[in-house]
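# Remarks on the overall topology
Spelled out from the first residue to the last, the chains are:
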Amino acid sequence: MTHPSGFGSGARLTFNAPLSDARADRLVADLAASNPSTVLDLGCGWGELLLRVLEAVPGARGIGVDLRGAALERGRSDAARRGLADRVTFVEGPAADHLSDADLVLSSGAYQAFGTVADALGVLRERVNPGGRLLFAAEIWERIPTDGQLARMWPDMTAEDCHLLPDLVDLTIAAGFRPLRIVTSTRDEWEEFESGYLAGPEEWLLANGDHPEADRVRDQVDTHRAFWLRGHRGVLGFAFLTLGVPTAEKASS
């Protein structure tokens, strides 16, 4: 954890994205229908979606890659508890250093590991086996933000950092995918995600107001909440794209 409050750990979250159980069930059902034997999750966090796919496809094996050792330990513990430890491997390190071909590749909010969205889609296209699937999830603009809205988001955020949904879909097609399902997070999913992200440290502050770290934690959670409520709320969206690769030979390098 970053500090005693657990800020940034996502300990209160099921998914490290604005994703509900109901939507996750639908996504997993779609992905499992292609009966993948190998699953690669790049930027997996604690790998909840990866584990759900493995539960839905009993013969599949998975690899999850992430930079955060604490998140991976949570994933290993969850896998053991669910009887999946012998079918999943969690690897700590940069996604670009741990690429492998797979029938199903998952990439949720992790395209920056490869550069731009277009860069990521090009790399991931080469990793998906013929006839396979990519679940590509990324931030989008619900509408182009004003300069004032950008100023209230994260430092150095620009309008070029995200795409409108139609433009994102066009990029996936240009990379050689075909879009099979296009869905976006609801306002409720965003609010559950942001509230859950902050719930643990807020409760810690209530119980530890005199802790030496309390002022720093309070500043961090208040800053994050302001980014959400005064900056990206209603402007920033999140898209989940289920993408297919033709059964013919993969695109050339």
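On a predicted model such as this, the values are computed, not experimentally measured, just so you know.

### Thoughts on the environment of Arg-68
Checked against the element boundaries, Arg-68 lands in the loop between strand 2 (61–66) and helix 3 (69–81). On a C-alpha basis, the gap between Arg-68 and Val-91 in space is 9.6 Å, while along the polypeptide they are 23 residues apart.

### Section: the pattern of salt bridges
As enumerated under the stated definition, the model contains 17 salt bridges in all. Note that Arg-82 is salt-bridged to Glu-48, the shortest N-O span being 2.9 Å. Here Arg-82, found in the loop between helix 3 and strand 3 (88–92), pairs with Glu-48, found in helix 2 (residues 48–56); they are 34 residues apart in sequence, far enough to count as distant. Its relative accessible area of 10% is what places Glu-48 among the buried residues. For Glu-191, the salt bridge identified is with Arg-233, shortest N-O distance 2.8 Å. Placement of Glu-191 in helix 7 (residues 187–207) and of Arg-233 in the loop between helix 8 (214–232) and strand 8 (236–244) is noted, with a sequence separation of 42 residues between them. One salt-bridge network, held together by shared partners, links Asp-21, Asp-25, Glu-48, Arg-52, Glu-55 and Arg-82.

### Comments concerning the environment of Pro-145
Relative to the helices and strands, Pro-145 resides in the loop between strand 5 (128–141) and helix 5 (147–151). Sequence-wise, Pro-145 and Thr-158 are 13 residues apart; in three dimensions their C-alpha atoms are separated by 8.8 Å. Contacts of Pro-145, omitting those with residues within four sequence positions, involve Leu-150, Met-153 and Val-235.

### Describing the packing of aromatic side chains
One pass over the structure, following the stated rule, counts six aromatic pairs. Arranged with centres 5.6 Å apart and planes meeting at 75°, the rings of Phe-7 and Tyr-197 form a pair that is edge-to-face. Here the residue Phe-7 occupies a position in the segment before helix 1 (21–33), and Tyr-197 occupies one in helix 7, the gap between them amounting to 190 residues. What makes Tyr-197 buried here is its relative accessible area of 17%. Here the aromatic rings of Trp-154 and Phe-227 are separated by 5.9 Å at their centres, their planes lie at 50°, and the arrangement is tilted.

### Overview of the side chain of Glu-189
For Glu-189, the location among the structural elements is in helix 7. One polar contact links Glu-189 to Ser-20, side chain to side chain, over a distance of 2.8 Å. Setting aside residues up to four positions removed in sequence, Glu-189 forms contacts with Pro-18, Leu-19, Ser-20, Arg-23 and Thr-184.

### Some points on helix 6 (residues 165–174)
Within helix 6, burial applies to Leu-168, Val-169 and Thr-172. Viewed along the axis of helix 6, the buried residues span an arc of 100°, placing them on a single side of the element. Looking at helix 6, the residues exposed on the side facing more than 90 degrees away from the buried face are Pro-166 and Ala-174. If you follow the buried residues of helix 6, they end up packed against helix 4 (117–125), strand 5, strand 6 (163–164), strand 7 (178–184) and strand 8. Gly-176 sits one or two positions beyond helix 6 and adopts a positive phi of about 105°.

### Let's talk about unusual backbone geometry
In this structure, Asn-35 takes a positive phi of about 55° despite not being glycine. The backbone of Asp-156 shows a phi angle near 70°, a positive value even though the residue is not glycine. Summarising the element assignment, Asp-156 is placed in the loop between helix 5 and strand 6.

### A closer look at the environment of Ala-151
Take Ala-151: it is sitting in helix 5. Using a relative accessible area of 66% as the deciding quantity, one classes Ala-151 as exposed. Each C-alpha atom of the pair Ala-151 and Pro-246 lies 42 Å from the other, and the pair is 95 residues apart in sequence.

Criteria and thresholds
- Residues numbered from 1 in each chain as written.
- Predicted model: local features only at pLDDT ≥ 70, side-chain atom pairs only at ≥ 80, totals over all residues.
- Heavy atoms only, no water.
- Helix = DSSP H or I, 4+ residues; strand = E, 2+ residues; numbered from the N terminus.
- Salt bridge = Lys/Arg side-chain N within 4 Å of Asp/Glu carboxyl O.
- Buried < 20%, exposed > 50% of the residue type's maximum accessible area, 1.4 Å probe, protein only.
- Contact = heavy atoms within 4.5 Å.
- Phe/Tyr/Trp six-rings, centres within 6.5 Å; stacked < 30°, edge-to-face > 60°.
- Polar contact = N/O pair within 3.5 Å; in protein donor to acceptor, adjacent residues only side chain to side chain.
- Arc of directions from axis to C-beta.

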